[in-house]
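Listed below are the residues making up each chain.
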Protein chains: 2
Amino acid sequence: MTDLGPNAPLIGVPGSRARLDTPALVLDLDLMERNIATMAAHARAVGAALRPHAKTHKSIRIAELQVAAGALGVCCATMGEAEIMVRARVPGVHITSPQVTPSKLARLIALNADNHRGFSVVVDNPRNLAEIESAARAVGKPLDVLVDFYANHGRTGAATEADAVALAQAVAQSGILRFRGIQAYAGNLQHVAVRAERRARTLEMLTRVAGIVERLESTGIKVPVVTGAGTGTFDLDPEAHVFTELQVGSYVFMDVDYNRALKEGRNELPFETSLFVQTAVVSTNAPGWVTCDAGLKSFATEGPKPEIALGAPAGSTYTWFGDEHGKLILPEGAPRPEIGHKIECVTPHDDPTVNLHDFYHVVRGDTLVDIWPVDARGKR
Amino acid sequence: MTDLGPNAPLIGVPGSRARLDTPALVLDLDLMERNIATMAAHARAVGAALRPHAKTHKSIRIAELQVAAGALGVCCATMGEAEIMVRARVPGVHITSPQVTPSKLARLIALNADNHRGFSVVVDNPRNLAEIESAARAVGKPLDVLVDFYANHGRTGAATEADAVALAQAVAQSGILRFRGIQAYAGNLQHVAVRAERRARTLEMLTRVAGIVERLESTGIKVPVVTGAGTGTFDLDPEAHVFTELQVGSYVFMDVDYNRALKEGRNELPFETSLFVQTAVVSTNAPGWVTCDAGLKSFATEGPKPEIALGAPAGSTYTWFGDEHGKLILPEGAPRPEIGHKIECVTPHDDPTVNLHDFYHVVRGDTLVDIWPVDARGKR
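Let us look at the structure shown here. Since we're looking at a predicted model, the values are computed, not measured. (Residues numbered from 1 in each chain as written. Chains lettered and ligands numbered in written order. Predicted model: local features only at pLDDT ≥ 70, side-chain atom pairs only at ≥ 80, totals over all residues. Heavy atoms only, no water.)

## Observations concerning the sheet that holds strand β4 (residues 93-95) of chain B
Residues and elements named next belong to chain B. In plain terms, the rule: Following DSSP output, two strands are said to pair if at least two bridges run between them. Note on conventions: DSSP H or I runs of at least 4 residues are helices, E runs of at least 2 residues are strands, and numbering of each starts at the N terminus. In what follows, a contact means two residues having at least one pair of non-hydrogen atoms within 4.5 Å. In this analysis, axes come from line fits to C-alpha atoms, helices being fitted only over the stretch in contact, and the angle between any two N-to-C directions falls in the range 0 to 180 degrees.
Taken in spatial order, the 8 strands of this open sheet run β2-β9-β8-β7-β6-β5-β4-β3, and their pairing is parallel. The open sheet has two edge strands with one neighbour each: β2 (49-50) and β3 (74-76). Here strand β8 (residues 225-228) pairs with strand β9 (residues 245-246) via 2 bridges, running parallel. Bridge pairing in β9 places G228 opposite L246. Along the sheet face, helix α5 (residues 126-139) touches β5 (119-123), β6 (143-148) and β7 (177-184) and points at about 145° away from the line of β7. Contacts from helix α7 (residues 195-218) reach β7 and β8, with the element oriented near 160° to β7.

This is the structure:
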């Protein structure tokens, strides 16, 4: 049996959510299931397919729930994530980042050979494309390829429409690679604060993508897939009817940043926070604050601070206080929690926070009902 | 055999450092061995013992190298780290953070029962002390306890000298707990910018600790151990002859923050950077920068940005560019690296960066000579 950590004996024990060994990543299954169902209904309503991003959760179990709700498969950001998903027989695995080194190409070809349930990768560079083609030819198994388009983000992707078209034509002419379509993930647009601006920039980007599709189809190259969009733009992209599928990720959990957009009326996401970090008070000798056991090894630190979801006096705030400790700052006059007292925080940024944890402590209400490993944690 | 990741076939292959599957944590063994020897010589010269902090490296192999160089044992910040070290038969494991929940107390007592090579824990709270005493009494095995003193840091520790003395007296009077001494770790002083101020504040704190020791010894309570200090103050504490042992951690690797102190003349640490993150260029279509495969899942993000150690044009800088990507910003007119090109970065903050990686890729010069798991990564 896999080691499920110190909380394994609590599975199924009524009230066990409050008794977890901490720090612990807590997943509220009722809320996550609702988020998955809501996104699935949205996709059906707008006629888009779903290929949710597994980089958010890195979990075979959650990928399976998404597929059971109608997703075609999952996206992965790294080769290591894709290996975990393909080997767990999750269908329709698509790798959203270019894979360029000899080591990654060898893993790509091996994984494609293993896979019989749909598998694809992006390219954004002619030399990389030639190397992938030659590696695929050496083993003789066709490989599905999408062309990654820049989408104003500047992280990966062909920089111009002409470059994207040329790459697509080169794939289409290959005897061993199969051209599957265009990826245009505008990560930078997910958090544009004003909805009207986010909408305008998204539609502008989609117009450029539509132009690429038109040019390809006018020369007889079919573009079955156009993939992109995230939780911040999931309801904007379908307006333009360009995306055939959505790569949404964070909607399963939500986080502090997406919640702020909701609170401030910048977005109207119909999703609820389902993911928390539970931490215990471990020291109470300082004036004005107590020290908890979740610090910068339990929370992503590049974005906002964690927000307190339950267990602390109203008006308290949380910040990290070293690698293993957090500082729960109490409002004046608030009662001081005792050592051992538990609080739960909303994760500041869901993907990299999950990446710091080995397990999801899956709860329904106040009871731990299961423990799921973060299967692809740290996999490159 | 343990899975050592995709780089296992490269062990012993000449020149393999340049061929690692990326992102990869790279440990230069020659340099780390020199750091370990330098600190060991310093400790011998000043007559202090060493109990280096394993929270930095989380590695059984590195702990063993430190012990082989004369360390009494290692410090651990979490119960999970201590479990890894004790079960690997590393001697002299000391837990530097209070352990307060029922779950952590059960693990503490179980680990003490397992251990025959020296084991201790801190307390900073009378209720916690009473609970540990009662748990230890229930199994009948003595447990070594140190009293944690606040040391102006405010994270953990008794807040006043009187509180520390009272806790020490309570331990000393217990039939089952054994009073071993005082811990005073001033984490906040490690990075005080001006050496003269760091020195003054360190000595002031040590005077308070010396007062506690004096009060205890005057009432017949022996204080065999006074433990504390870090890489930023390792050469200040011995002046006062208060610490009997040093809890230094970062000296094995160094990082951007400690290196800045060196460069700016704020400190004269005789240690060299031995730890790097190797990353590959994966996309080259943007103006002014290229995209690499190490982002905020490969680097600690709460402190400075990574610094480039090798492989990039002079004047380049590195920043994260999403979860899995980094942005190598090139100076004007610099040649643009091609896809697959490798660079190595100094880690921004060593402890939490190591915590993001599964393996040390151990090199001598340009050859991968071994792969060591980060044994206690993520262990709480």
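## Thoughts on the relation of the copies chain B and chain A
Under the convention used in this document: When the copies are overlaid, the least-squares fit takes in C-alpha atoms only where the residue has pLDDT of at least 70 in both copies.
Structural alignment of chain B on chain A gives an RMSD of 0.0 Å, achieved by rotating through 180° and translating 0.0 Å along the axis. Considering both components of the superposition, the chain copies are consistent with a two-fold axis. Same-surface contact between copies: 100% of interface residues of chain B are shared with the interface of chain A.

## A word on the pairing of strand β16 (residues 359-364) of chain B
This is how it is decided: Think of it in three bands: with a 1.4 Å probe and only protein chains considered, a residue is buried below 20% of the maximum accessible area for its type, exposed above 50%, and partly exposed in between.
Counting buried positions over the 6 residues of β16(B) gives 5, a clear majority of the element. The turn joining β16(B) and strand β17 (residues 367-373) of chain B, which pair antiparallel and follow one another in sequence, is formed by 2 residues; a positive phi near 60° is taken by B:G365.

## Observations concerning the pairing of strand β10 (residues 275-283) of chain B
Residue and element names in this part refer to chain B. Extensive coverage of β10 is indicated by the burial of 9 of its 9 residues. Of the pairings in the sheet, the one linking β10 to strand β15 (residues 342-346) comprises 5 bridges and is antiparallel in character. Bridged to F276 within β15 is V346. Note that β10 and strand β11 (residues 289-292) share 2 bridges and pair antiparallel. Bridging across to β11, S283 finds its partner in T291.

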